[in-house]
Amino acid sequence: MIGALEVVVLVATGALAVFGLLLTALNRPPDRTLRLALGAVVALLAVQAVIAAVRVLTGTQLPETTTFLIYLVVSVCVLPIAGQFAFAEPSRWGGAVIAVGAIATFVAVLRLQGLWQAGGA
Amino acid sequence: MPEPARATATGPGRVLIAVYAVFALSATARAGVQIATRFSEAPVPYLLSALAGVVYILATIGLAGRGPRARRLAWAAVGFELAGVLVVGTLSLVDAADFPDDTVWSAYGRGYGFVPLVLPIVGLWWLYHTRPR
């Protein structure tokens with residue numbers, strides 16, 4: 001979709017999921033490091049979404065533009081909501097909640113890349 | 001005196017609610033796009049996807065809420081969800097002609113890593129585990 005950025009986004013999102021699950025496995029509540037990691041991943045997703053949206057709206061042809069744009073919004077919004085929910089209760093399960101959000105985001109980014117490639121761009 | 005019910009929205013229940021919320025979002029959004037753009041191609045699967053989306057939303061609300069009413073809603077929605085994935089999963093295999101496009105529940109949720117089959121079982125167990133006693 002956007003060259004190297006899509007690989008970085010997938011690796012970062014996957015690493016966030018592993019980090020969250022690790023905190024749950026170690027019986028630790030979500031901490032400041034996880035909060036910073038979450039922020040960094042969301043920032044990457046936002047950059048990707050802006051670039052992709054600009055390309056779509058300035059002429060890149062895709063077979064399913066509406067679906068693509070919905071996935072784009074989902075890819076940015078899921079993790080901040082999961083973060084709110086995770087940090088609201090300081091228990092070991094917060095990390096796993098963030099991991100669920102990260103996995104859902106990972107799948108959404110994969111679907112985005114599939115739709116982009118279907119457009120032949 | 002019976003011990004009051006444990007809240008479903010604490011501890012591991014929060015992970016369950018997160019998974020339900022993701023499915024509520026994805027099933028509803030997917031059905032919305034399908035119905036809006038190509039409803040006539042496969043009306044039965046698209047309506048079933050929409051139904052699944054509503055059931056996931058109700059289950060999320062029920063599990064995230066507090067008190068006996070939220071608990072009853074969760075029992076009903078998660079129970080319906082288990083029945084739905086079993087009935088639709090079976091029909092989609094037996095009567096493939098009526099299912100030209102997939103729903104969340106087709107082939108017991110194979111397209112979603114069978115999470116739609118496991119989720120209601122975990123949900124019912126969690127409701128039972130936190131019941132008043």
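This is a predicted model, so every value here is computed, not measured. (Residues numbered from 1 in each chain as written. Chains lettered and ligands numbered in written order. Predicted model: local features only at pLDDT ≥ 70, side-chain atom pairs only at ≥ 80, totals over all residues.)

**Notes on the interface of chain A and chain B**
Interface size is often expressed as the accessible area that is lost when the parts come together.
In step 1: Tallying the contact residues gives 14 residues for chain A and 12 residues for chain B.
In step 2: Looking at the side of chain A that touches chain B, the elements with two or more residues in it are helix 3 (65-88) and helix 4 (93-118) of chain A.
In step 3: Broken down by class, the residue content of the side of chain A that touches chain B amounts to nine nonpolar, four polar and one charged. (Contact = placed C-beta atoms within 7 Å. Helix = DSSP H or I, 4+ residues; strand = E, 2+ residues; numbered from the N terminus. Nonpolar A, V, L, I, M, F, W, Y, C, P; charged D, E, K, R; others polar.)

**Focus on the confidence of the model for chain B**
Residues and elements named next belong to chain B.
In step 1: Model confidence for chain B is summarised by a mean pLDDT of 91, while 98% of its residues fall at 70 or above.
In step 2: Across chain B, helix 4 (residues 115-129) holds the top mean pLDDT of 96, while helix 1 (residues 12-38) sits lowest at 93.
In step 3: Among the prediction metrics, the complex's ipTM stands at 0.91, with pTM recorded as 0.92. (pLDDT = per-residue confidence, 0-100.)

**Some thoughts on unusual backbone geometry**
In step 1: Phi at Asn27 of chain A is positive, roughly 60°, even though this residue is not glycine.
In step 2: By the element assignment, Asn27 of chain A lies in the loop between helix 1 (4-25) and helix 2 (32-57).
In step 3: Here the phi dihedral of Phe114 of chain B falls at roughly 65°; this positive angle occurs in a residue that is not glycine.
In step 4: Here Phe114 of chain B shows up in the loop between helix 3 (67-94) and helix 4.

**Here we look at the nonpolar core**
In step 1: If you look at the biggest cluster of nonpolar residues, it comprises 63 residues, and the most contacted ones within it are Ala82, Val97, Ile98 and Val100 of chain A together with Ala18, Val19 and Tyr20 of chain B.
In step 2: It is helix 1 of chain B that provides the largest number of residues to this core, a total of 13 residues.
In step 3: Each residue touching Val97 of chain A, except ones within four places of it in the same chain, is listed here: Ala82, Phe85 and Ala86 of chain A together with Arg14, Val15 and Ala18 of chain B. (Core = buried A, V, L, I, M, F, W, Y, C linked by C-beta atoms within 7 Å. Buried ≥ 20, exposed ≤ 12 C-beta atoms within 10 Å, placed from the backbone.)

**Remarks on the environment of Arg30 of chain B**
In step 1: Secondary-structure assignment places Arg30 of chain B in helix 1.
In step 2: For the pair formed by Arg30 of chain B and Leu82 of chain B, sequence separation is 52 residues and the distance between their alpha carbons is 20 Å.

**Looking at the packing of helix 3 of chain A against helix 4 of chain A**
Residue and element names in this part refer to chain A.
In step 1: Running from N to C, helix 3 and helix 4 cross one another at 170°; their axes reach a closest spacing of 9 Å. What the angle tells us is that helix 3 and helix 4 run roughly antiparallel.
In step 2: Partitioning the contact of helix 3 with helix 4 into residue classes produces 19 nonpolar, six polar and one charged. (Axes fitted to C-alpha atoms, helices over the stretch in contact; angles between N-to-C directions. Parallel < 35°, antiparallel > 145°, perpendicular 65-115°, else oblique.)

**What about the packing of helix 3 of chain B against helix 4 of chain B?**
All names here are of chain B.
In step 1: Axis separation between helix 3 and helix 4 bottoms out at 9 Å; the angle between their running directions is 150°. With respect to helix 4, the axis of helix 3 lies roughly antiparallel. Here helix 3 runs over helix 4; the crossing is left-handed. Along the contact surface, helix 3 presents Arg71, Ala74, Trp75, Val78, Gly79, Glu81, Leu82 and Val85, while helix 4 presents Pro116, Leu117, Pro120, Ile121, Gly123, Leu124 and Leu127.
In step 2: Considering only residue class, the contact of helix 3 with helix 4 consists of 11 nonpolar, two polar and two charged. (Left-handed = near helix turned anticlockwise from the far one by under 90°.)

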